[in-house]
Amino acid sequence: MQLSNPQFDAIIRAGRIVCPQSGIDGPGHVAVHGDRIVAVEQSNTPKVDPDSARRYFDFPDGILLPGLIDLHAHPANSGSVFGVSPDEHIVPFGTTTVLSQGDAGASTIDQYVDDTISASKTRILLAINLSRIGESTSHGCFENLDDADVDACVLAIDRYREIIPAVAVNVSHYACGETDPREVMSRGIEAAERAGLPMLFGMRRPEDWPLEQQLNLLRSGDIVTYCFRSQPHCIVQDGQVLPCVHHARERGILFDVGHATEAFNFDVAQAAINDGFLPNTISTDLQHFHIGQAPRHDLPLVMSELRAAGMPEDKVFAAVTSTPARLLKLDDTGVLRTNAAADLTVLQDRHTGQFGDMNEQSCVQTLWTSALVIRSGRVIRMSSPVSRPGRA
Ligand SMILES: [Zn+2]
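Note on numbering: residues in each chain are counted from 1, in written sequence order. Totals for whole chains, interfaces and linings use all residues, but because this is a predicted model, local features are given only for residues with pLDDT of at least 70 and pairs of side-chain atoms are given and counted only at 80 or more. Side-chain metrics rest on all non-hydrogen atoms present in the structure, leaving aside hydrogens and water.

Novice: How would you sum up the overall build of the protein chain? Please name residues and give values.
Specialist: Looking only at helices and strands, the protein chain has 11 helices and 16 strands in total. Both definitions apply: the radius of gyration is a C-alpha atom measure, and the globule rule equals 2.2 Å times residues to the power 0.38. In summary, the protein chain has a C-alpha radius of gyration of 21 Å against a globular reference of 21 Å for 392 residues, a match within 12%. The principal-axis extents of the C-alpha atoms in the protein chain amount to approximately 70 × 45 × 35 Å. Of the contacts formed within the protein chain by residues at least 6 apart in sequence, a portion of 74% connects residues at least 24 apart. Once the 32 positive and 49 negative side-chain charges of the protein chain are each reduced to a mean point, those two points are 7 Å apart. The way it works is that DSSP assigns letters per residue, a run of H or I at least four long becomes a helix, a run of E at least two long becomes a strand, and they are numbered from the N terminus. Note on definitions: a residue-residue contact is assigned when non-hydrogen atoms from the two residues lie within 4.5 Å. Charged residues are defined here as Lys and Arg on the positive side and Asp and Glu on the negative side; His and the ends of the chain fall outside this count. Charge coordinates come from a single atom per side chain, which is NZ of Lys, CZ of Arg, CG of Asp or CD of Glu.

Novice: I'd love a proper account of empty space enclosed by the protein, names of residues and values included.
Specialist: We place a 1 Å grid over just the protein atoms. Points where a 1.4 Å probe fits but has no way out form a cavity, open points with protein on both sides within 12 Å along at least 5 of 7 lines form a pocket, and any residue with an atom within 4 Å of a point lines it. Grid points are joined across faces, edges and corners, and a volume is the space filled by probe spheres set on the points. With the rule as written, the count across this model stands at one cavity of 30 Å³ or more. There is about 60 Å³ of room inside the largest cavity. In terms of lining residues, the largest cavity is bounded by Asp70, His89, Ile90, Phe93, Thr95, Thr284, Leu286, His297, Asp298 and Leu299.

Novice: Now, about the coordination of the zinc ion: what can you tell me, with residues and values included?
Specialist: Atoms of type N, O and S within 2.8 Å of a metal are treated as its donors, and for Na, K and Ca the window is 3.2 Å; water is not considered, so some sites may appear to be missing partners. At the metal site, the zinc ion is ligated by His72 (NE2), His74 (NE2), Gln101 (OE1) and Asp285 (OD), and these contacts range over 2.1 to 2.2 Å. Around the zinc ion, the four donor atoms sit at angles spanning 79 to 165°, and that spread fits a shape best called irregular. By the criteria applied here, four donors are tetrahedral when all angles lie between 85 and 135 degrees, four are square planar and six octahedral when opposite donors are over 155 degrees apart and every other angle lies between 65 and 115, and any other arrangement is irregular.

Novice: For the pattern of salt bridges, give the residues involved together with the corresponding values.
Specialist: Salt bridge, as used here: a side-chain nitrogen of Lys or Arg that lies within 4 Å of a carboxyl oxygen of Asp or Glu. Throughout the structure, instances matching the rule amount to 19 salt bridges. For Glu313, the salt bridge is made with Arg16, and the minimal N-O distance between the two is 2.8 Å. Within this pair, whereas Glu313 is found in helix 10 (residues 313-318), its partner Arg16 is found in strand 1 (residues 8-19), the two being separated by 297 residues in sequence. Relative accessibility under 20% of the residue-type maximum defines a buried residue, over 50% an exposed one, and the middle range a partly exposed one, all with a 1.4 Å probe and only protein chains included. Take Glu313: its relative accessible area is 27%, and that puts it in the partly exposed class. Among the residues examined, Arg16 registers a relative accessible area of 24% and is labelled partly exposed. We note a salt bridge from Asp110 to Arg159, for which the minimum N-O separation is 2.7 Å. One end of the pair, Asp110, is in helix 2 (residues 109-117); the other, Arg159, is in helix 3 (residues 150-159), and 49 residues separate them in sequence. Using a relative accessible area of 45% as the deciding quantity, one classes Arg159 as partly exposed. Within this structure, Asp35, Arg36, Arg123 and Asp332 form a network of salt bridges that share partners.

Novice: Can you tell me about the packing of aromatic side chains, naming the residues and giving the values?
Specialist: Pairing of aromatic side chains requires ring centres within 6.5 Å, counting the rings of Phe and Tyr and the six-membered ring of Trp. Pairs whose planes differ by under 30 degrees are stacked, by over 60 edge-to-face, and all others tilted. Scanning the model with the defined rule gives three aromatic pairs in all. Between Phe255 and Phe277, the aromatic rings sit 5.2 Å apart at their centres with planes inclined by 70°, giving edge-to-face as the arrangement. A residue pair is termed long-range when its members are at least 10 positions apart, and Phe255 in strand 13 (residues 254-255) and Phe277 in the loop between helix 8 (266-274) and helix 9 (299-308) qualify at 22 residues. A relative accessible area of 1% means that Phe255 is categorised as buried. Ring centres of Phe317 and Trp368 lie 5.3 Å apart, and the angle between their planes is 40°; on these two criteria the pair is classed as tilted.

Novice: Could you give an account of the side chain of Ser172, naming the residues involved and the relevant values?
Specialist: Note that Ser172 resides in the loop between strand 8 (166-170) and helix 4 (173-176). Sequence-distant contacts of Ser172, that is, excluding residues within four places in its chain, are made with Gly202, Met203 and Arg204.

Novice: Describe helix 8, listing the residues and the values that go with them.
Specialist: Every α-helix winds through 3.6 residues per turn, so residues three or four apart in the chain are directed the same way. When helix 8 is considered as a whole, its buried residues turn out to be Phe266, Val268, Ala269, Ala271, Ala272 and Ile273. Two or three places before Asp267, at the opening of helix 8, Asn265 has a side-chain oxygen 2.8 Å from that residue's backbone nitrogen. Trailing helix 8 by a residue or two, Gly276 shows a phi angle of about 85°, which is positive. A 3.5 Å cut-off defines polar contacts: any pair of N or O atoms within that distance qualifies, except that in protein one atom must be a possible hydrogen donor and the other a possible acceptor, and neighbouring residues in sequence count only when both atoms are side-chain atoms.

Novice: Provide a residue-level description of the sheet that holds strand 13, including the pertinent values.
Specialist: In this scheme, strands are said to pair when DSSP sees at least two bridges between them. What the seven strands build is an open sheet, ordered 5-6-7-8-9-10-13; its pairing is parallel. Edge positions in the open sheet fall to strand 5 (68-73) and strand 13, since each of these has one partner strand only. Pairing of strand 8 with strand 9 (residues 199-202) involves four bridges; the strand directions are parallel. Counted as the bridge partner of Ala168 is Leu200 from strand 9. Whenever a helix is involved, its axis is fitted only over the stretch in contact; in every case the axis is a line through C-alpha atoms, and angles between N-to-C directions fall within 0 to 180 degrees. Helix-sheet contacts for helix 2 involve strand 6 (95-101) and strand 7 (123-129), and the interaxial angle to strand 7 is about 160°.

Novice: Tell me what's going on with the pairing of strand 3 (residues 36-42), and back it up with residues and numbers.
Specialist: Pairing of strand 2 (residues 24-33) with strand 3, which is carried by six bridges, proceeds in the antiparallel orientation. Bridge pairing in strand 3 places His33 opposite Arg36. Between the antiparallel neighbours strand 2 and strand 3 lie two residues, among them Gly34 with a positive phi of about 60°.

Novice: Can you tell me about the nonpolar core, naming the residues and giving the values?
Specialist: Definition of nonpolar core: a set of buried residues of the types Ala, Val, Leu, Ile, Met, Phe, Trp, Tyr and Cys, connected through side-chain atoms within 4.5 Å. By size, the foremost hydrophobic cluster in this structure holds 85 residues, and its most contacted members are Leu130, Phe228, Ile282 and Leu306. Once residues within four sequence positions are removed from consideration, Ile282 is found in contact with Ile69, Leu71, Asp256, Val257, Leu299, Val302, Met303, Leu306, Met311, Val316, Ala319 and Val320. One finds Phe59, Leu336, Val346 and Ile374 within the second-largest nonpolar core, a separate group that totals 21 residues.

Novice: Give a description of the packing of helix 3 against helix 5 (residues 181-195) that names residues and reports values.
Specialist: Interhelical geometry of helix 3 versus helix 5 gives an angle of 30° and a closest axis separation of 9 Å. In terms of orientation, helix 3 lies roughly parallel with respect to helix 5. Our pair here, helix 3 against helix 5, has a crossing hand that is right-handed. Contacts between helix 3 and helix 5 involve Val150, Asp151, Cys153, Val154 and Ile157 from the former and Arg187, Glu190, Ala191, Arg194 and Ala195 from the latter. In this count, Pro and Cys sit with the nonpolar residues alongside Ala, Val, Leu, Ile, Met, Phe, Trp and Tyr, while Asp, Glu, Lys and Arg are called charged and the others, Gly among them, polar. Split into classes, the residues belonging to the contact of helix 3 with helix 5 amount to six nonpolar, no polar and four charged. Comment on the angle field: the value is read as roughly parallel under 35 degrees, roughly antiparallel over 145, roughly perpendicular from 65 to 115, and oblique elsewhere. By the definition used in this description, the sense in which the near helix is turned from the far one sets the handedness, with an anticlockwise turn below a right angle giving left-handed and a clockwise turn giving right-handed.

Novice: Describe in detail helix 3, supporting the description with residues and values.
Specialist: Those residues of helix 3 that sit buried are Val150, Cys153, Val154, Ala156 and Ile157. Buried residues of helix 3, seen end-on, are gathered within an arc of 160° and therefore sit on one face of the element. In helix 3, those exposed residues whose orientation departs by more than 90 degrees from the buried face are Asp151 and Leu155. Contacts made by the buried residues of helix 3 are with helix 2, strand 7, strand 8 and helix 5. Within this analysis, the arc is defined by the directions that extend from the helix axis to the C-beta atoms.

Okay, structure coming up:
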């Protein structure tokens, strides 16, 4: 019998619903209406009437989380040499909100807003590149120092403040070429200070510039990405995290994974975690040349890798939900509560697979994969059987 006027658009039950911000962890369900969560209930027995919703999903072995947030990737439909289609390659695999690391700068942001942010179902924010050309060319974005244009960057932030929560400054040799990284850093700090925003910072190799000196220039709230590389820079020495890195954390500097393929070393991550140093956020640094790799490079895979390296599961979940939501100042995202955005991801431990790191070592582990993704109330992906097919 078709209901004429169901109360909810969807109800999603799961063996575990987990919300790090509110402390929920147990069996229960979430109800969605329009683009909002309208009910969150923990219960061992299904009290909900499935017929009260147009669509009913049940994942007895699933983990229902707020939609995952990837703090460092490269969503771009055009204008970035690293760009991947967010609707094709990001949101279907569990990430409902993603921060671009500098895919656009002041001269390319209008195109980025039109072609990527406005055109996507995925929620996209931009850590604007200090370089006005963003990542539009195959050479380093700071090879021409004139492109590190503080005034243009601050003006662009003023125009698009609601979608720009950070300034991307990467002082790597790749990004700078022959340009002095200290001058790039100085301009980056000036832009971030004037705009009142944190920096998303990529480090320089220590032979060029001691790590401690770089970290000493960062401010509380700035975020260091690529934290578990083994080269050209590494925060672990003799199995322990460097004192200057601990000091930076004590000053309020945050550390992000920024996995990619060459920016993550499993042994470094394991040593750091053993030393009590957990990343604040877990991110993929997904780029176009990851497309087609096996296993698929996505956020659940990177989360699985951190879990395998010893990071407690509750910390893994916080690092892709509540923590990035707080850093990005998203009050209604990364949380399961009434009137929050209806962004939801169900994960399942589905596959035993391999993941590699930059030394081509690999570990066979159980991997999380996304079984259901809902973004702004719309079902994006449903890869698992449900107890009752949708009636929509
Ligand atoms: Zn990146």
